[in-house]
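Chain by chain, the residues:
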Amino acid sequence: MTKLYKAPRGTTDVLPDDQPYWDRVWEASARICGLFGYRRIETPVFEEASLFARGVGEVTDIVQKEMYVFQDRGGQQLALRPEGTAPVCRAYLEHGMHNLPQPVRLWYWCPIFRYDRPQAGRYRQHTQLGCEAIGEADASVDAEVIELLFRIYEELGLQGLTLHLNSIGDPTCRPRYLEALRGYYADKLKRLCNDCEARYQRNPLRLLDCKQDRCQPVIAGAPPFTDYLCDACADHFARLRSYLEDVGIGYLLNPRLVRGLDYYTRTVFEFQPQEGGAQSTVGAGGRYDGLIEELGGRSTPGIGWATGIERIVLNLKRQELAVGEPPRPRVFVAFQTADARSQSFRLASDLRREGIAAVVAAGERSLKAQMRHADALGAEYAAIIGKRELADGAATLRRLADGHQEMVPLADVAGRVNQ
RNA sequence: GUGGGCGUCGCCUAGUGGUCUAAGGCGCCAGGUUGUGGCCCUGGAGAUCGAGGGUUCGAAUCCCUCCGUCCACCCCA
């Protein structure tokens, strides 16, 4: 016996029983994105690898250890999309979208690939819904995209999400802050965990969200970025908060919120559920005013977010939120003898053409077995064709809920079902 | 990539060195007479106990390696 294949590590099958959850998230997303004037874009599953190295940042974990990189037969270095923003910005540039009214409002729903260690709610192939508003720096756009994501969660009925908000400045003020942060940490290095010693050199912002107990007291005393923002960034942040208050969206100022992608400037935010472990951030995003330029375009501001569909579905299930009923046939067509077979096959076909979901018995099974099957599928009616029906050009239509049944001419079955 | 928990039929679970050529429930399939479901009854298929190696007279049960999964990190949605 040969080995059974399994889905590769970190990948998952979305089975029919799960589809109602996915349908619901898709429906809410598409509708509300449309409501906010966002239009859907699809980009390829793979891109030139260097797009991500340039866009996301050469030294980020995503690029250094999580990208699926491969060479195609023509020798090109390609990468399976590890995040959604850089490709959308590439498309913005490639298709001259700066000629459209700004900002350009886009949303997407696509698979994302990261070679990570899998956990619940974390997959090597997962699906992200995201939006990008490109071409306008005003804080109202920051508030708009946050509200958009908030409304999607609200529509889905997700409870207990907290919006964490922070500003990590821009090239004017960030160096000043990093200097202050390094200064603060300089005499505390021996109290830190090993990771943080490395962070101090490489990526001091990351010192702020270390999870180690021993680092917490040091973090607690660290200067908050908001005290070091330049006037323009401080003003932007204040206006964003004011807009959020205008539309009734509560938030938690979290001076320790930093993001792992290099392109973020000013606004960063995350939606975190109350429970569900440390890997549970369900949606996150921020402003990336330098990204388009980094990718070779003119200086163009942008902001966006991404949210993990698998994590949303996980939370929907955790909250036992009801989703739509799974689809079931209205009519199950059963037959008694082999000579009634083609008649029942035709009846099922006719019913479907009338828009009635119909399934016909397959194989050689007793009528009893067929009826069991009809019940198991949750059909509303069983249409039975036996000798008598065959002779009369009719079918016995049985309502499964109460067992009421009568013989109906074949031509009238659809009408009777729809009554 | 690091550390830890777990891994028995499709699903849930019993069994922790011999009575296990592995038990039960759900689900699946078939019957309960002669054209019919749901309840009930009966029967059946389905697991070499994640894989490989070792210890032992003997292993699902102990050890090692690998794989998978879950948790905490790294990092991220």
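What counts as what
Residues numbered from 1 in each chain as written. Chains lettered and ligands numbered in written order. Predicted model: local features only at pLDDT ≥ 70, side-chain atom pairs only at ≥ 80, totals over all residues. Heavy atoms only, no water. Helix = DSSP H or I, 4+ residues; strand = E, 2+ residues; numbered from the N terminus. Rg over C-alpha atoms; globule rule 2.2 N^0.38 Å. Buried < 20%, exposed > 50% of the residue type's maximum accessible area, 1.4 Å probe, protein only. Contact = heavy atoms within 4.5 Å. Domains from an automatic or database assignment. Phe/Tyr/Trp six-rings, centres within 6.5 Å; stacked < 30°, edge-to-face > 60°. Lys NZ or Arg CZ within 6 Å of the ring centre and 35° of its normal. 1 Å grid on protein atoms, 1.4 Å probe; cavity = no way out; pocket = protein on both sides within 12 Å on 5 of 7 lines; lining within 4 Å. Points joined across faces, edges and corners; volume = space filled by probe spheres on them. Pairing = 2+ DSSP bridges. Axes fitted to C-alpha atoms, helices over the stretch in contact; angles between N-to-C directions. Patch = residues over 30% accessible without salt bridge, like charges linked within 9 Å, V, L, I, M, F, W, Y side chains within 5 Å. Areas by Shrake-Rupley, 256 points an atom, 1.4 Å probe, with all protein chains shown as cover. Salt bridge = Lys/Arg side-chain N within 4 Å of Asp/Glu carboxyl O. Near = heavy atom within 4 Å. Polar contact = N/O pair within 3.5 Å; in protein donor to acceptor, adjacent residues only side chain to side chain. Nonpolar A, V, L, I, M, F, W, Y, C, P; charged D, E, K, R; others polar.

## Considerations on the overall build of chain A
- Within chain A, the secondary structure is distributed over 15 helices and 16 strands.
- Whereas a compact globule of 419 residues would reach a radius of gyration of roughly 22 Å, chain A reaches 28 Å, over 25% beyond that.
- Considering only C-alpha atoms, chain A reaches an extent of 95 × 55 × 50 Å along its principal axes.
- Here chain A holds 419 residues, and the buried ones make up 47% of them.
- A separation of at least 24 residues holds for 68% of the contacts in chain A among residues at least 6 apart in sequence.

## Overview of the domain arrangement of chain A
- Splitting chain A by domain gives domain 1 (16-173 + 229-318) and domain 2 (331-418).
- The C-alpha-based centres of domain 1 and domain 2 are spaced at 51 Å.

## Focus: unusual backbone geometry
- In this chain, Q102 is followed by P103 through a cis amide linkage whose omega measures 0 degrees.
- The residue R266 is not glycine, and still its phi comes out positive at about 55 degrees.
- With respect to the helices, strands and loops of the structure, R266 is situated in strand 9 (residues 265-273).

## What to know about the packing of aromatic side chains
- Tallied over the full model, the rule gives eleven aromatic pairs.
- Where Y263 meets Y288, the ring centres are 5.7 Å apart and the plane angle is 70 degrees; that geometry is what we call edge-to-face. Taken together, the residues span a long stretch of sequence, with Y263 in the loop between strand 8 (252-253) and strand 9 and Y288 in the loop between strand 10 (283-287) and helix 10 (291-294) at a distance of 25 residues.
- The rings of W22, W26, W107 and W109 are connected pair by pair, giving a single aromatic cluster.
- Here the guanidinium or amino end of R40 rests over the ring plane of W107, the centre of that ring lying 5.7 Å away.
- When the ring centre of Y21 is taken as reference, the NZ or CZ atom of K317 above it lies at 5.4 Å.

## Some points on empty space enclosed by the protein
- Scanning the model with the defined rule gives one cavity of 30 Å³ or more in all.
- Estimated volume of the largest cavity: approximately 50 Å³.
- Residue lining of the largest cavity: I41, E42, T43, R81, G84, V88, Y108 and C110, and that is the complete set.

## Here we look at the sheet that holds strand 1 (residues 39-40)
- Strand order in the open sheet made by the eight strands is 1-5-6-11-10-9-7-8, with mixed pairing throughout. With one partner strand each, in any of the chains shown, strand 1 and strand 8 form the two edges of the open sheet.
- As paired elements, strand 7 (residues 161-167) and strand 8 share two bridges and run parallel to each other. Residue pairing across strands places L165 opposite L253, the latter belonging to strand 8.
- Helix 4 (residues 85-94) rests against strand 5 (104-113) and strand 6 (125-134) of the sheet, and its axis sits at about 45 degrees to strand 6.
- Sheet contacts for helix 9 (residues 231-246): strand 7, strand 8, strand 9 and strand 10; angle to strand 7, the most-contacted strand, approximately 160 degrees.

## Looking at a nonpolar patch on the surface
- On the surface, V45, F46 and F70 cluster together to form a nonpolar patch covering roughly 240 Å² of accessible area.
- By secondary structure assignment, the location of F70 is in strand 3 (residues 69-71).
- A relative accessible area of 31% means that F70 is categorised as partly exposed.

## As for the sheet that holds strand 12 (residues 331-335)
- Reading across from one edge, 13-12-14-15-16 is the order of the five strands in this open sheet, with mixed pairing throughout. Every interior strand has two partners, whereas the edge strands, strand 13 (358-360) and strand 16 (405-409), have only one. Recorded for the sheet is a direction-independent mean angle of 25 degrees between the axes of neighbouring strands.
- Two elements, strand 14 (residues 381-385) and strand 15 (residues 394-399), share four bridges in a ladder whose sense is antiparallel. Its bridge partner being in strand 15, Y381 is matched across the sheet by R399.
- Across the sheet, helix 12 (residues 341-353) is in contact with strand 12, strand 13, strand 14 and strand 15; its angle to strand 13 comes to roughly 165 degrees.
- Running at roughly 175 degrees to strand 12, helix 13 (residues 367-376) makes contact with strand 12, strand 14 and strand 15 of the sheet.

## Some points on the protein's contact with RNA strand B
- For RNA strand B, the set of nearby residues contains 49 residues, the closest of which are R114, R206, R259, G260 and L400.
- Here RNA strand B approaches the protein such that, of its atoms within 4 Å, sugar and phosphate make up 56%.
- Between a sugar or linking oxygen of RNA strand B and a side-chain N or O atom of D61, the distance comes to 3.3 Å.
- At 2.8 Å, a side-chain N or O of R398 approaches a base nitrogen of RNA strand B.
- In terms of residue count, the dominant contributor to the surface near RNA strand B is helix 13 (six residues).
- Residues that form the surface near RNA strand B fall into these classes: 13 nonpolar, 16 polar and 20 charged.

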